[in-house]
Amino acid sequence: MAERLLILDANSILHRVYHALPPLTTKKGELVNAVYGFLLVLFRVIKEFQPDYLCACFDFPAKTFRHEKFKEYKAQRPPCPKDLASQIPKLKEILKAFKIPIFEKEGFEADDLIGTIVSKTQGLEKIIVSGDLDNLQLVSKETNVFVLSSVKKSILYDQKEVEKKYRGLKPEQIPDFKALVGDPSDNVPGVLGIGEKTAIELLLEFKNLENLYREIEMGSKMAKKIKAKIRERLLKYKKRAFFSKSLVQIKKDVAIDFDLKKCRWGEYDKKVVISTLKNFEFFSLIEKLPDPKNWVQGRLEL
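The structure contained in this document is the topic of the report that follows. (Residues numbered from 1 in each chain as written. Predicted model: local features only at pLDDT ≥ 70, side-chain atom pairs only at ≥ 80, totals over all residues. Heavy atoms only, no water.)

**With respect to the overall build of the protein**
Across its full length, the protein carries 15 helices and 6 strands. For 302 residues, the compact-globule estimate of 2.2 N^0.38 gives 19 Å, and the C-alpha radius of gyration of the protein, at 21 Å, lies within 12% of that figure. For the protein, the spread of C-alpha atoms along the principal axes amounts to about 70 × 45 × 35 Å. A burial count over the protein gives 50% of its 302 residues as buried. Sequence-distant contacts, at least 24 apart, represent 71% of the contacts inside the protein between residues at least 6 apart. In the form shown here, the protein has an accessible surface area of approximately 15700 Å², with 52% of it arising from carbon and sulfur atoms. Side chains of the protein give 55 positive and 42 negative charges; the mean places of these two sets differ by 3 Å. (Helix = DSSP H or I, 4+ residues; strand = E, 2+ residues; numbered from the N terminus. Rg over C-alpha atoms; globule rule 2.2 N^0.38 Å. Buried < 20%, exposed > 50% of the residue type's maximum accessible area, 1.4 Å probe, protein only. Contact = heavy atoms within 4.5 Å. Areas by Shrake-Rupley, 256 points an atom, 1.4 Å probe, with all protein chains shown as cover. Lys, Arg positive; Asp, Glu negative; His and termini not counted. Charge placed at Lys NZ, Arg CZ, Asp CG, Glu CD.)

Okay, here's the thing in C-alpha coordinates:
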(Lines give C-alpha, C1' and ligand atoms only; values in the text may rest on other atoms or scores of the structure.)
Protein backbone atom coordinates (compact mmCIF):
# COMPACT_ATOMS: atom_id res chain seq x y z
CA MET A 1 0.00 0.00 0.00
CA ALA A 2 1.20 3.50 -0.85
CA GLU A 3 1.87 5.75 2.14
CA ARG A 4 -0.78 8.39 2.69
CA LEU A 5 -0.62 12.04 3.74
CA LEU A 6 -3.67 13.84 5.11
CA ILE A 7 -3.55 17.64 4.67
CA LEU A 8 -6.02 19.70 6.72
CA ASP A 9 -7.31 22.96 5.24
CA ALA A 10 -7.77 24.23 8.78
CA ASN A 11 -9.54 27.58 8.38
CA SER A 12 -12.10 26.24 5.91
CA ILE A 13 -12.91 23.27 8.17
CA LEU A 14 -13.25 25.62 11.17
CA HIS A 15 -15.62 27.90 9.25
CA ARG A 16 -17.74 24.96 8.16
CA VAL A 17 -18.12 23.45 11.66
CA TYR A 18 -18.48 26.85 13.39
CA HIS A 19 -21.61 27.58 11.36
CA ALA A 20 -22.90 24.00 11.60
CA LEU A 21 -22.76 23.55 15.38
CA PRO A 22 -24.62 25.34 18.18
CA PRO A 23 -22.60 27.40 20.70
CA LEU A 24 -20.62 25.25 23.12
CA THR A 25 -18.81 26.85 26.04
CA THR A 26 -16.51 25.71 28.85
CA LYS A 27 -17.32 26.39 32.51
CA LYS A 28 -15.18 29.52 32.18
CA GLY A 29 -17.50 30.75 29.42
CA GLU A 30 -15.03 30.23 26.55
CA LEU A 31 -16.63 29.35 23.21
CA VAL A 32 -15.20 26.09 21.82
CA ASN A 33 -17.83 24.80 19.34
CA ALA A 34 -15.56 25.19 16.28
CA VAL A 35 -12.64 23.44 17.98
CA TYR A 36 -14.92 20.61 19.11
CA GLY A 37 -16.39 20.27 15.60
CA PHE A 38 -12.92 20.33 14.05
CA LEU A 39 -11.81 17.47 16.32
CA LEU A 40 -14.90 15.44 15.41
CA VAL A 41 -13.93 15.86 11.77
CA LEU A 42 -10.27 15.10 12.50
CA PHE A 43 -11.07 11.88 14.37
CA ARG A 44 -13.49 10.86 11.62
CA VAL A 45 -11.02 11.33 8.72
CA ILE A 46 -8.20 9.65 10.67
CA LYS A 47 -10.43 6.63 11.28
CA GLU A 48 -11.68 6.59 7.69
CA PHE A 49 -8.39 7.14 5.85
CA GLN A 50 -5.80 5.85 8.37
CA PRO A 51 -3.00 8.20 7.27
CA ASP A 52 0.73 7.65 7.72
CA TYR A 53 1.35 11.40 7.78
CA LEU A 54 -0.73 14.39 8.83
CA CYS A 55 -0.31 18.18 8.73
CA ALA A 56 -2.49 21.30 8.99
CA CYS A 57 -2.39 24.50 6.91
CA PHE A 58 -3.77 27.84 8.15
CA ASP A 59 -4.47 31.18 6.50
CA PHE A 60 -2.13 33.84 7.87
CA PRO A 61 -4.27 36.61 9.47
CA ALA A 62 -3.14 39.38 7.09
CA LYS A 63 -3.45 40.51 3.45
CA THR A 64 -2.03 38.15 0.81
CA PHE A 65 -0.17 38.71 -2.46
CA ARG A 66 -3.58 38.50 -4.15
CA HIS A 67 -4.79 41.55 -2.19
CA GLU A 68 -1.62 43.37 -3.29
CA LYS A 69 -2.47 42.60 -6.93
CA PHE A 70 -6.20 43.30 -6.60
CA LYS A 71 -7.53 45.41 -3.72
CA GLU A 72 -11.07 44.15 -4.31
CA TYR A 73 -10.03 40.50 -3.79
CA LYS A 74 -12.56 38.97 -1.33
CA ALA A 75 -13.60 42.56 -0.49
CA GLN A 76 -17.27 41.61 -0.14
CA ARG A 77 -16.59 38.94 2.47
CA PRO A 78 -17.41 39.81 6.07
CA PRO A 79 -14.46 39.65 8.51
CA CYS A 80 -13.90 36.45 10.49
CA PRO A 81 -16.30 36.49 13.48
CA LYS A 82 -14.47 37.26 16.75
CA ASP A 83 -16.05 34.18 18.33
CA LEU A 84 -14.41 32.05 15.64
CA ALA A 85 -11.05 33.88 15.53
CA SER A 86 -10.67 33.38 19.30
CA GLN A 87 -10.84 29.61 18.79
CA ILE A 88 -7.93 29.37 16.33
CA PRO A 89 -5.18 29.53 19.03
CA LYS A 90 -7.07 26.88 21.01
CA LEU A 91 -7.13 24.56 18.00
CA LYS A 92 -3.41 25.11 17.37
CA GLU A 93 -2.69 24.18 20.99
CA ILE A 94 -4.50 20.87 20.54
CA LEU A 95 -2.85 20.15 17.17
CA LYS A 96 0.56 20.74 18.79
CA ALA A 97 -0.36 18.27 21.55
CA PHE A 98 -1.05 15.72 18.80
CA LYS A 99 2.32 16.65 17.21
CA ILE A 100 0.57 17.62 13.99
CA PRO A 101 2.81 20.15 12.16
CA ILE A 102 1.18 23.52 11.44
CA PHE A 103 1.99 25.56 8.33
CA GLU A 104 1.11 29.21 7.71
CA LYS A 105 2.99 31.98 5.94
CA GLU A 106 2.46 35.71 5.68
CA GLY A 107 1.30 36.81 2.23
CA PHE A 108 -0.23 33.45 1.32
CA GLU A 109 -3.44 31.52 1.83
CA ALA A 110 -3.62 28.00 3.25
CA ASP A 111 -4.42 26.76 -0.27
CA ASP A 112 -1.01 27.93 -1.50
CA LEU A 113 0.71 26.00 1.28
CA ILE A 114 -1.40 22.95 0.48
CA GLY A 115 -0.46 23.24 -3.21
CA THR A 116 3.22 23.51 -2.25
CA ILE A 117 3.05 20.45 0.03
CA VAL A 118 1.28 18.48 -2.72
CA SER A 119 4.08 19.39 -5.17
CA LYS A 120 6.77 18.45 -2.62
CA THR A 121 5.34 14.97 -1.97
CA GLN A 122 5.28 13.37 -5.42
CA GLY A 123 4.84 9.59 -5.20
CA LEU A 124 2.80 9.85 -2.00
CA GLU A 125 -0.97 9.41 -1.83
CA LYS A 126 -2.58 12.63 -0.57
CA ILE A 127 -6.01 13.55 0.75
CA ILE A 128 -6.81 17.21 1.32
CA VAL A 129 -9.59 17.71 3.89
CA SER A 130 -11.44 20.98 3.30
CA GLY A 131 -14.67 22.83 3.93
CA ASP A 132 -14.78 24.29 0.38
CA LEU A 133 -14.08 23.45 -3.26
CA ASP A 134 -11.06 25.73 -3.82
CA ASN A 135 -8.56 22.84 -3.79
CA LEU A 136 -10.25 20.80 -6.54
CA GLN A 137 -7.70 22.14 -9.04
CA LEU A 138 -5.06 20.08 -7.15
CA VAL A 139 -6.83 16.75 -7.73
CA SER A 140 -4.70 14.21 -9.61
CA LYS A 141 -3.93 10.48 -9.67
CA GLU A 142 -2.15 10.95 -6.34
CA THR A 143 -4.34 13.65 -4.76
CA ASN A 144 -8.01 13.59 -3.75
CA VAL A 145 -10.02 16.26 -1.92
CA PHE A 146 -12.43 15.33 0.87
CA VAL A 147 -14.97 18.18 1.02
CA LEU A 148 -17.21 18.63 4.06
CA SER A 149 -20.71 19.90 3.45
CA SER A 150 -21.45 19.50 7.18
CA VAL A 151 -19.85 17.80 10.20
CA LYS A 152 -21.16 14.40 9.05
CA LYS A 153 -21.74 14.80 5.28
CA SER A 154 -18.96 14.93 2.73
CA ILE A 155 -17.82 14.10 -0.82
CA LEU A 156 -14.47 12.59 -1.82
CA TYR A 157 -13.39 14.21 -5.10
CA ASP A 158 -11.13 12.20 -7.34
CA GLN A 159 -10.50 13.01 -11.02
CA LYS A 160 -13.80 11.41 -12.13
CA GLU A 161 -15.85 13.32 -9.55
CA VAL A 162 -14.24 16.62 -10.58
CA GLU A 163 -14.95 15.92 -14.26
CA LYS A 164 -18.56 15.06 -13.36
CA LYS A 165 -18.99 18.30 -11.42
CA TYR A 166 -17.42 20.47 -14.14
CA ARG A 167 -19.06 18.57 -17.04
CA GLY A 168 -15.94 17.11 -18.58
CA LEU A 169 -13.28 19.56 -17.44
CA LYS A 170 -10.15 18.19 -15.80
CA PRO A 171 -8.96 19.51 -12.39
CA GLU A 172 -6.09 21.48 -13.96
CA GLN A 173 -8.62 23.34 -16.16
CA ILE A 174 -10.50 24.79 -13.17
CA PRO A 175 -8.31 27.97 -13.00
CA ASP A 176 -9.04 28.56 -16.71
CA PHE A 177 -12.76 28.01 -16.07
CA LYS A 178 -12.78 30.51 -13.17
CA ALA A 179 -10.73 32.96 -15.25
CA LEU A 180 -13.53 32.98 -17.84
CA VAL A 181 -16.65 32.92 -15.62
CA GLY A 182 -15.16 34.71 -12.59
CA ASP A 183 -15.56 33.65 -8.98
CA PRO A 184 -18.12 35.80 -7.10
CA SER A 185 -17.20 34.25 -3.72
CA ASP A 186 -13.68 35.72 -4.04
CA ASN A 187 -14.71 38.78 -6.10
CA VAL A 188 -12.69 37.55 -9.11
CA PRO A 189 -14.02 39.38 -12.21
CA GLY A 190 -13.61 36.94 -15.14
CA VAL A 191 -14.81 37.80 -18.66
CA LEU A 192 -18.03 39.81 -18.76
CA GLY A 193 -20.81 37.89 -20.50
CA ILE A 194 -19.17 34.44 -20.46
CA GLY A 195 -21.26 31.92 -18.55
CA GLU A 196 -20.45 28.43 -17.32
CA LYS A 197 -21.85 26.62 -20.38
CA THR A 198 -19.81 28.71 -22.84
CA ALA A 199 -16.66 28.49 -20.70
CA ILE A 200 -16.90 24.69 -20.54
CA GLU A 201 -17.48 24.42 -24.30
CA LEU A 202 -14.45 26.64 -24.99
CA LEU A 203 -12.16 24.72 -22.65
CA LEU A 204 -13.25 21.29 -23.90
CA GLU A 205 -12.26 22.54 -27.37
CA PHE A 206 -9.17 24.66 -26.61
CA LYS A 207 -7.91 23.04 -23.34
CA ASN A 208 -6.69 26.25 -21.63
CA LEU A 209 -6.73 30.04 -21.73
CA GLU A 210 -3.33 30.35 -23.40
CA ASN A 211 -4.29 28.06 -26.29
CA LEU A 212 -7.73 29.66 -26.65
CA TYR A 213 -6.26 33.15 -27.14
CA ARG A 214 -3.46 31.86 -29.36
CA GLU A 215 -6.00 30.30 -31.75
CA ILE A 216 -8.24 33.41 -31.73
CA GLU A 217 -5.34 35.75 -32.47
CA MET A 218 -4.06 33.45 -35.23
CA GLY A 219 -7.55 33.41 -36.74
CA SER A 220 -7.46 29.61 -36.95
CA LYS A 221 -10.30 27.48 -38.34
CA MET A 222 -11.08 26.29 -34.81
CA ALA A 223 -11.30 29.86 -33.53
CA LYS A 224 -13.61 30.93 -36.36
CA LYS A 225 -16.16 28.39 -35.11
CA ILE A 226 -16.58 30.56 -31.98
CA LYS A 227 -19.49 33.00 -32.32
CA ALA A 228 -18.28 36.46 -33.33
CA LYS A 229 -19.83 38.11 -30.22
CA ILE A 230 -18.02 35.70 -27.90
CA ARG A 231 -14.72 36.23 -29.75
CA GLU A 232 -15.17 40.00 -29.36
CA ARG A 233 -15.83 39.65 -25.64
CA LEU A 234 -12.83 37.40 -25.15
CA LEU A 235 -10.52 39.83 -26.95
CA LYS A 236 -11.96 42.87 -25.17
CA TYR A 237 -11.41 41.29 -21.74
CA LYS A 238 -8.21 39.36 -22.47
CA LYS A 239 -6.16 41.14 -19.77
CA ARG A 240 -8.92 40.58 -17.25
CA ALA A 241 -9.09 36.87 -18.08
CA PHE A 242 -5.38 36.29 -17.52
CA PHE A 243 -5.41 38.50 -14.44
CA SER A 244 -8.31 36.44 -13.04
CA LYS A 245 -6.39 33.24 -13.71
CA SER A 246 -3.39 34.59 -11.78
CA LEU A 247 -5.71 35.21 -8.80
CA VAL A 248 -7.40 31.80 -8.74
CA GLN A 249 -4.37 29.63 -9.51
CA ILE A 250 -3.00 27.98 -6.38
CA LYS A 251 0.73 28.49 -5.79
CA LYS A 252 2.90 25.39 -5.66
CA ASP A 253 6.27 26.93 -4.83
CA VAL A 254 5.88 28.80 -1.52
CA ALA A 255 9.10 28.80 0.53
CA ILE A 256 8.17 26.69 3.56
CA ASP A 257 10.22 24.40 5.76
CA PHE A 258 8.42 21.13 5.03
CA ASP A 259 9.83 17.85 6.32
CA LEU A 260 7.62 14.82 5.71
CA LYS A 261 9.28 12.85 8.53
CA LYS A 262 7.99 15.43 11.04
CA CYS A 263 4.45 14.78 9.78
CA ARG A 264 4.47 11.11 10.81
CA TRP A 265 1.11 10.54 12.46
CA GLY A 266 0.60 8.88 15.83
CA GLU A 267 3.82 9.72 17.66
CA TYR A 268 2.12 11.87 20.26
CA ASP A 269 2.17 11.49 24.05
CA LYS A 270 -1.31 10.30 24.99
CA LYS A 271 -1.06 11.83 28.48
CA VAL A 272 -0.31 15.27 27.01
CA VAL A 273 -3.26 14.98 24.60
CA ILE A 274 -5.67 13.83 27.35
CA SER A 275 -4.54 16.67 29.62
CA THR A 276 -5.06 19.21 26.81
CA LEU A 277 -8.53 17.85 25.97
CA LYS A 278 -9.48 17.97 29.66
CA ASN A 279 -8.47 21.65 29.79
CA PHE A 280 -11.12 22.33 27.15
CA GLU A 281 -13.60 19.96 28.86
CA PHE A 282 -13.74 17.65 25.82
CA PHE A 283 -14.25 14.59 28.02
CA SER A 284 -16.34 12.72 25.43
CA LEU A 285 -13.51 13.02 22.88
CA ILE A 286 -10.97 11.30 25.15
CA GLU A 287 -12.80 7.99 24.64
CA LYS A 288 -12.69 8.51 20.86
CA LEU A 289 -8.93 9.18 20.62
CA PRO A 290 -7.62 7.63 17.38
CA ASP A 291 -4.84 5.12 17.98
CA PRO A 292 -2.78 3.89 14.99
CA LYS A 293 -1.81 0.77 16.97
CA ASN A 294 -5.45 -0.36 16.83
CA TRP A 295 -5.88 0.10 13.09
CA VAL A 296 -7.02 -2.98 11.27
CA GLN A 297 -5.44 -4.14 8.07
CA GLY A 298 -7.38 -3.42 4.90
CA ARG A 299 -7.33 0.38 4.97
CA LEU A 300 -9.78 2.09 2.60
CA GLU A 301 -8.01 2.25 -0.77
CA LEU A 302 -8.74 5.13 -3.11
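Having put the structure on the table, let's press on.
**Re the nonpolar core**
Grouped together as the largest cluster of nonpolar side chains are 50 residues, with contacts concentrated most on Ile7, Ile117, Leu136, Leu180 and Leu234. For this core, the secondary structure elements donating two or more residues are β1 (4-9), β2 (53-57), α6 (110-120), β5 (143-148), α8 (174-181), α9 (196-206), α10 (209-218) and α12 (228-236). Those residues in contact with isoleucine 7 that lie beyond four places of it in its chain are Cys55, Cys57, Ile114, Ile117, Val118, Ile127, Ile128 and Val129. Listed in part, the 45 residues of the second largest apolar core include Ala10, Val45, Phe146 and Leu148. (Core = buried A, V, L, I, M, F, W, Y, C linked by side-chain atoms within 4.5 Å.)

**Observations concerning the packing of aromatic side chains**
How two aromatic rings sit relative to each other is set out by the distance from centre to centre and by the angle between their planes. Counting across every chain of the model gives 12 aromatic pairs. Residues tyrosine 166 and phenylalanine 177 carry aromatic rings whose centres are separated by 5.4 Å and whose planes lie at 75° to one another, so their mutual orientation is edge-to-face. One end of the pair, tyrosine 166, is in the loop between α7 (159-165) and α8; the other, phenylalanine 177, is in helix α8, with 11 residues separating them in the sequence. Per residue, the accessibility class of tyrosine 166 equals that of phenylalanine 177, and both read buried. Where tyrosine 213 meets phenylalanine 242, the ring centres are 5.3 Å apart and the plane angle is 45°; that geometry is what we call tilted. Remark: phenylalanine 242 occurs in helix α13 (residues 238-248) and tyrosine 213 occurs in helix α10; sequence separation between them is 29 residues. Here tyrosine 213 falls in the buried class, since its relative accessible area comes to 1%. (Phe/Tyr/Trp six-rings, centres within 6.5 Å; stacked < 30°, edge-to-face > 60°.)

**A closer look at the sheet that holds β2**
Read across the sheet, 6 strands follow the order β3-β2-β1-β4-β5-β6 without closing on themselves; strand pairing throughout is mixed. In the strand order of this sheet, the two ends are held by β3 (102-103) and β6 (154-157), each with one partner. The sheet contact formed by β1 and β2 spans 5 bridges and is parallel. Residue pairing in the sheet places aspartate 9 in a bridge with cysteine 57 of β2. (Pairing = 2+ DSSP bridges.)

**What to know about the packing of α9 against α10**
Where α9 meets α10, the closest approach of the two axes is 9 Å, and the angle between their N-to-C directions is 85°. Relative to α10, the element α9 is oriented roughly perpendicular. Here α9 contributes Leu202, Leu203 and Phe206 to the contact with α10, which in turn contributes Leu209, Asn211, Leu212 and Glu215. Of the residues assigned to the contact of α9 with α10, the class counts are 5 nonpolar, 1 polar and 1 charged. (Axes fitted to C-alpha atoms, helices over the stretch in contact; angles between N-to-C directions. Parallel < 35°, antiparallel > 145°, perpendicular 65-115°, else oblique. Nonpolar A, V, L, I, M, F, W, Y, C, P; charged D, E, K, R; others polar.)

**Focus on the pairing of β5**
With respect to burial, β5 is a largely interior element, 6 of its 6 residues being buried. Side chains Thr143, Val145 and Val147 project from β5 onto one buried face, and the interleaved Asn144, Phe146 and Leu148 project onto a second face that is buried too. Taken together, the 5 bridges between strand β4 (residues 125-130) and β5 define a ladder with parallel strand orientation. Across the sheet, the residue bridging to isoleucine 127 is asparagine 144, located in β5.

**Side note on the side chain of aspartate 52**
For aspartate 52, the location among the structural elements is in the loop between α2 (33-49) and β2. In terms of polar contacts, aspartate 52 uses its side chain to reach the backbone amide nitrogen of arginine 4, at 2.8 Å. (Polar contact = N/O pair within 3.5 Å; in protein donor to acceptor, adjacent residues only side chain to side chain.)

**Focus on α13**
Because the α-helix completes a turn every 3.6 residues, residues three or four places apart line up on one side. The set of residues buried in α13 consists of Ala241, Ser244, Lys245, Leu247 and Val248. The arc enclosing the buried residues of α13, seen along the axis, measures out at 160°, which places them on a common side. Those residues of α13 that are buried lie in contact with α3 (65-69), α8 and α10. (Arc of directions from axis to C-beta.)

**A word on the environment of alanine 85**
Within the element layout of this structure, alanine 85 appears in helix α4 (residues 82-85). Linking alanine 85 and methionine 218, residues 133 residues apart in sequence, is a C-alpha distance of 51 Å.

**A look at the packing of α8 against α9**
Packing of α8 against α9 leaves a shortest axis separation of 9 Å and a crossing angle of 135°. Judged by the angle between their axes, α8 and α9 are oblique. Here α8 runs over α9; the crossing is right-handed. Facing α8, whose interface residues are Asp176, Phe177, Leu180 and Val181, α9 presents Glu196, Ala199, Ile200, Leu202 and Leu203. Residue classes in the contact of α8 with α9 are distributed as 7 nonpolar, no polar and 2 charged. (Left-handed = near helix turned anticlockwise from the far one by under 90°.)

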